[in-house]
Amino acid sequence: MAVKPGDFVHLHLHSQYSILDGAIKVKDLVDKAVEYGMPAVAVTDHGNMFASYELYKTCKEKGIKPIIGQEFYIARGSRFDKSKGKEGEKGSYHLILLAKNDTGLKNLMKLSSIGFIEGFYYKPRIDKEVLEKYSEGLIALSACVQGEIPLLYLMGKEKEAEEAAKWYKELFGDDFYLEIQYHGIK
């Protein structure tokens, strides 16, 4: 089945501001989105919103909708905990957050700032406590295989993965989505 122009919008995408994970420049991204007939495009860089202004400005110039977001690092415990954690475990999970309105944009900026100011430990991190406080106006995506739900599932912790999915669904309601990505993993 071929994708027709206007049928697809990138919601999880890294730009040049996601070091070692993204390479595309914002202007080139927007040009490609226009070329492929996309009505909108999001940029969700790792741990930052550095591309946001350029994305907004360039999308407006080209007549498509900018979707402002970020791929957050969610601390497994408190954002204030600066210890490494259990051996073999990463210290944080990934979570995509997108602003759906002005309140969401303000909350996105607040969370991003908190990650750097309060939660920074190798990376800017937030935690579920602060996420609950600033979740209004946001859309959440379960993220890549480094997201809490997929990672727990891949570790054979299906019950914990289901509980995590329920927690996010309770917090975000109909604005929580499980991502489906092809990674070549059976």
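Scroll up to find the structure this text is about.
Conventions adopted
Residues numbered from 1 in each chain as written. Predicted model: local features only at pLDDT ≥ 70, side-chain atom pairs only at ≥ 80, totals over all residues. Heavy atoms only, no water. Helix = DSSP H or I, 4+ residues; strand = E, 2+ residues; numbered from the N terminus. Rg over C-alpha atoms; globule rule 2.2 N^0.38 Å. Buried < 20%, exposed > 50% of the residue type's maximum accessible area, 1.4 Å probe, protein only. Contact = heavy atoms within 4.5 Å. Areas by Shrake-Rupley, 256 points an atom, 1.4 Å probe, with all protein chains shown as cover. Lys, Arg positive; Asp, Glu negative; His and termini not counted. Charge placed at Lys NZ, Arg CZ, Asp CG, Glu CD. Pairing = 2+ DSSP bridges. 1 Å grid on protein atoms, 1.4 Å probe; cavity = no way out; pocket = protein on both sides within 12 Å on 5 of 7 lines; lining within 4 Å. Points joined across faces, edges and corners; volume = space filled by probe spheres on them. Phe/Tyr/Trp six-rings, centres within 6.5 Å; stacked < 30°, edge-to-face > 60°. Lys NZ or Arg CZ within 6 Å of the ring centre and 35° of its normal. Nonpolar A, V, L, I, M, F, W, Y, C, P; charged D, E, K, R; others polar. Patch = residues over 30% accessible without salt bridge, like charges linked within 9 Å, V, L, I, M, F, W, Y side chains within 5 Å. Salt bridge = Lys/Arg side-chain N within 4 Å of Asp/Glu carboxyl O.

Q: Explanation requested: the overall build of the protein in the structure shown.
A: When its secondary structure is counted, the protein shows six helices and six strands. When the elements of the protein are put in sequence order from the N terminus, they spell out α-β-α-β-β-α-β-α-β-α-α-β. Relative to the globule expectation of 16 Å for 186 residues, the C-alpha radius of gyration of the protein, 16 Å, shows essentially globular dimensions. Summarising its shape, the C-alpha atoms of the protein cover approximately 45 × 40 × 30 Å along the three principal directions. Taking all 186 residues of the protein together, 44% fall into the buried category. Of the contacts formed within the protein by residues at least 6 apart in sequence, a portion of 71% connects residues at least 24 apart. On the protein, roughly 11000 Å² of surface is accessible, and the fraction owed to carbon and sulfur atoms is 56%. On the protein, the mean spot of the 26 positive side-chain charges and the mean spot of the 27 negative ones are 2 Å from each other.

Q: Sorry, what's going on with the environment of lysine 65 here?
A: You can see lysine 65 is positioned in strand E2 (residues 65-75). A relative accessible area of 53% places lysine 65 in the exposed class. Not counting chain neighbours up to four residues away, the residues in contact with lysine 65 comprise Pro39, Ala40, Val41 and Cys59.

Q: How should I be thinking about the environment of isoleucine 96 in this particular structure?
A: Assignment of secondary structure puts isoleucine 96 in strand E3 (residues 92-99). Here the alpha-carbon distance between isoleucine 96 and glycine 147, two residues 51 residues apart in the chain, equals 8.8 Å.

Q: Help me understand the pairing of E3, please; the structure alone is not making it clear to me.
A: Two faces make up the sheet, and in a regular strand the side chains alternate between them. Counting buried positions along E3 yields eight of eight residues, so the element is predominantly enclosed. Residue alternation in E3 divides its side chains into two sets, Ser92, His94, Ile96 and Leu98 and Tyr93, Leu95, Leu97 and Ala99, and both sets are buried. Bridge analysis of E2 against E3 gives seven bridges, and the strand direction is antiparallel. Among the inter-strand pairings, glycine 69 is bridged to a residue of E3, identified as leucine 98. Summarising the sheet, E3 and strand E5 (residues 138-141) pair through four bridges and their orientation is antiparallel. Paired with alanine 99 across the bridge in E5 is leucine 138.

Q: Looking at this model, I keep getting lost on the layout of surface pockets. Mind explaining?
A: Empty pockets left among the atoms are what a rolling probe the size of a water molecule brings to light. Counted as a void, the second largest pocket has a volume near 440 Å³. As for the second largest pocket, its lining consists of 18 residues, of which Val145, Pro150, Tyr153, Glu179 and Gln181 are closest to the centre. Within the residue set of the lining of the second largest pocket, elements represented by two or more residues are helix H5 (148-154) and helix H6 (158-172). Examining the composition of the lining of the second largest pocket, we find that four residues originate from one element, H5, more than from any other.

Q: Got a minute to help me understand the packing of aromatic side chains in this structure?
A: Aromatic ring pairs are reported here in terms of the distance separating the ring centres and the angle at which the planes meet. With the rule as written, the count across this model stands at five aromatic pairs. Joined through ring pairs, the aromatic side chains of Trp167, Tyr168 and Phe176 make up one cluster. Between the NZ or CZ atom of lysine 128 and the centre of the ring of tryptophan 167, over which it lies, the distance is 4.6 Å.

Q: When you look at empty space enclosed by the protein in this model, what are you seeing that I'm missing?
A: For the structure shown, the criterion picks out one cavity of 30 Å³ or more. Around the largest cavity sit Val43, Asp45, Asn48, Met49, Phe50, Ala51, Ser52, Leu55 and Gly69, which together line it. Classifying every residue of the lining of the largest cavity gives five nonpolar, three polar and one charged.

Q: Before we go on, may I ask you to explain the pairing of E2 in this structure?
A: In terms of burial, E2 is largely enclosed, as ten of its eleven residues are buried. Examined bridge by bridge, E2 and strand E4 (residues 125-126) share two bridges and lie parallel to one another. Directly across from isoleucine 74, in E4, lies its bridge partner isoleucine 126.

Q: For this particular structure, what's the right way to read a nonpolar patch on the surface?
A: On the surface, a cluster of nonpolar side chains totalling about 450 Å² of accessible area is made up of Phe50, Phe116, Ile117 and Phe120. Of note, isoleucine 117 is situated in helix H3 (residues 102-117).

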